[in-house]
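Fold and geometry: a report
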Amino acid sequence: MKRLLFFLLFIPSLSFSQNYVDLFKIGYSQNFNSKFDGTSSGTDIKSLDVDLTIPFVIDEKNAIVTGVLFSRNNLDVFPNDTHLVFPLDVDLLPYSKNVNLYTTILKIGWSTTFNETWSGTFVALPKLASDYQDISKEDFYLGGLALLKFQKNENLKYKLGMYAIGQTYGVFTTPIFGFYYLSPNEKLEMDMSLPIAADINYKIDQTKKVGVNYYAISRSFDLHSPYNVNTYVDYTALEFTGYIEQGFMNSSILLRLKAGYSFVNTEVYANDEQIDLRLSAFDFGDNRLQLNPDLSNSFFAKIEAVYRFDLSEEK
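1. Quick look at the overall build of the chain
- The number of helices and strands found in the chain is two helices and 18 strands.
- Buried positions account for 50% of the 315 residues belonging to the chain.
- Once local pairs closer than 6 in sequence are excluded, the contacts in the chain between residues at least 24 apart make up 61%.
- By element, 62% of the accessible surface of the chain is carried by carbon and sulfur atoms, the whole surface being about 14,800 Å².

Now the structure itself:
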């Protein structure tokens, strides 16, 4: 059974390990008082993220991967003195500034081993994203992930792939380049899936780790409440954190405490303002008129719990 579960992929951070798979993950974070540029107003950003992966093993080389991703972001999208900064058409400006932004993504995929060195994972990612005030077909988007992995040796694996998903503003896509490395003494672990995610950690003892983490977020949300007509939020963030990790129950339950710095944007646009393509951090054909001020960068803290299934032969 452990050999079969080897093929699973942990979707949200696009990471994987030859020794374990994370089947359930939940995290809560808060950005503290991000300021709107040119104003005295600010906002806290409170985020909840949940990830569930459910595998169905077919044979020793193939597995079906299913699951769900859910996120909620609570924040103000406009400062109290918006009219002093952006004197725009009032029909486009929401009077209700605090919003809850939700994303639900289904994971339906296939993971396979081609030979002793090559394996791959291919996942469809249909998504529902908005404030969930009045859900419609415009809130549904399609996406997908294709990832190839090359086993260089017992401790090193390379990965190459492509991720793409529909957004309110158009299409977001990015190539994925990275590797997974575990030192021979199993102390140092490096998991790189650039430009989306990166993690480096060091095992202090059998239950404790310290590490640093990078995560890039790109989301969009339709706003449907009566005061947010014909607008959407283009939400992007780059998060840099340090963390400590404590394992429980033979390290099958992990608790992480994180603190770091976030470069975040919560830009509001009219629904008819689109871009041709967003490729990683680059926008093509972006002539949109932003309706709210930019947010300043801020410190944030996060608590995270993980249920991990160990695949090592020793266990």
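2. Describing the side chain of Arg-288
- In this structure, Arg-288 sits in the loop between strand E17 (282-284) and strand E18 (298-310).
- Owing to a relative accessible area of 12%, Arg-288 belongs among the buried residues under this scheme.
- A polar atom in the side chain of Arg-288 sits 3.1 Å from the side chain of Asp-234.

3. Comments concerning the environment of Ile-54
- As for its placement among the helices and strands, Ile-54 is situated in strand E2 (residues 42-59).
- Taking the C-alpha atoms as reference points, Ile-54 and Gly-67, separated by 13 residues in sequence, lie 5.3 Å from one another.
- In this view, Ile-54 contacts Ile-64, Val-65, Thr-66 and Gly-67; residues no more than four positions away in its chain are not counted.

4. Details of the pattern of salt bridges
- As enumerated under the stated definition, the model contains 14 salt bridges in all.
- Here Arg-288 makes a salt bridge to Asp-286, at a shortest N to O gap of 2.9 Å.
- Among the charged side chains, a network of salt bridges with common partners joins Lys-25, Glu-245, Arg-256, Lys-258, Lys-302 and Glu-304.

5. Some thoughts on empty space enclosed by the protein
- This structure, assessed with the given rule, holds two cavities of 30 Å³ or more.
- Volume-wise, the largest cavity comes out at about 90 Å³.
- Forming the walls of the largest cavity are Ser-29, Asn-31, Ser-47, Asp-49, Asn-73, Tyr-215, Ile-217, Arg-219, Tyr-235, Glu-239 and Lys-302.
- When contributions to the lining of the largest cavity are tallied by element, the ones reaching two or more residues are strand E1 (20-35), E2, strand E13 (208-223) and strand E14 (231-248).
- At three residues, the largest contribution of residues to the lining of the largest cavity is made by E13.
- When its residues are assigned to classes, the lining of the largest cavity shows three nonpolar, four polar and four charged.

6. A word on the confidence of the model for the chain
- Mean pLDDT over the chain: 86, with 86% of residues reaching 70 or higher.
- Confidence drops under a pLDDT of 50 for residues 1-17, and excluding neighbours within four residues, the segment shows 67 contacts in the predicted structure.
- In the model, residues 84-92 has pLDDT below 50 throughout and makes 18 contacts with residues more than four positions away in sequence or in other chains.

7. Observations concerning the side chain of Arg-308
- Here Arg-308 is to be found in strand E18.
- Relative accessible area serves as the criterion here: at 10%, Arg-308 is assigned to the buried category.
- If we skip the residues at most four places from it in the chain, Arg-308 touches Tyr-20, Val-21, Asp-22, Lys-209, Ser-251, Ser-252, Leu-254 and Arg-256.

8. Re the nonpolar core
- Core analysis: the largest hydrophobic core is formed by 18 residues, its most contacted members being Val-77, Leu-101, Val-233 and Tyr-235.
- Those elements giving two or more residues to this core turn out to be strand E4 (98-113), E13, E14 and strand E15 (253-270).
- Apart from residues no more than four positions distant in its own chain, Leu-101 is found in contact with Ser-71, Arg-72, Asn-73, Leu-75, Ser-130, Phe-221, Leu-223 and Val-233.

9. Let's talk about the packing of aromatic side chains
- Tallied over the entire structure, the rule returns eleven aromatic pairs.
- For the ring pair Tyr-214 and Phe-240, a centre distance of 5.2 Å and an interplane angle of 40° mean the geometry is tilted. On the criterion of sequence distance, the pair formed by Tyr-214 in strand E13 and Phe-240 in strand E14 is long-range, its members being 26 residues apart.
- Between Phe-240 and Phe-263 the ring centres are 6.0 Å apart and the planes differ by 90°, which places this aromatic pair in the edge-to-face class. Taken as a pair, Phe-240 in strand E14 and Phe-263 in strand E15 lie far apart in primary sequence, 23 residues in all.
- Over the ring of Tyr-243 we find Lys-258, and its NZ or CZ is 5.6 Å from the ring centre.
- Lying across the ring of Tyr-169, Arg-278 places its NZ or CZ 4.4 Å from the centre.

The rules we used
Residues numbered from 1 in each chain as written. Predicted model: local features only at pLDDT ≥ 70, side-chain atom pairs only at ≥ 80, totals over all residues. Heavy atoms only, no water. Helix = DSSP H or I, 4+ residues; strand = E, 2+ residues; numbered from the N terminus. Buried < 20%, exposed > 50% of the residue type's maximum accessible area, 1.4 Å probe, protein only. Contact = heavy atoms within 4.5 Å. Areas by Shrake-Rupley, 256 points an atom, 1.4 Å probe, with all protein chains shown as cover. Polar contact = N/O pair within 3.5 Å; in protein donor to acceptor, adjacent residues only side chain to side chain. Salt bridge = Lys/Arg side-chain N within 4 Å of Asp/Glu carboxyl O. 1 Å grid on protein atoms, 1.4 Å probe; cavity = no way out; pocket = protein on both sides within 12 Å on 5 of 7 lines; lining within 4 Å. Points joined across faces, edges and corners; volume = space filled by probe spheres on them. Nonpolar A, V, L, I, M, F, W, Y, C, P; charged D, E, K, R; others polar. pLDDT = per-residue confidence, 0-100. Core = buried A, V, L, I, M, F, W, Y, C linked by side-chain atoms within 4.5 Å. Phe/Tyr/Trp six-rings, centres within 6.5 Å; stacked < 30°, edge-to-face > 60°. Lys NZ or Arg CZ within 6 Å of the ring centre and 35° of its normal.

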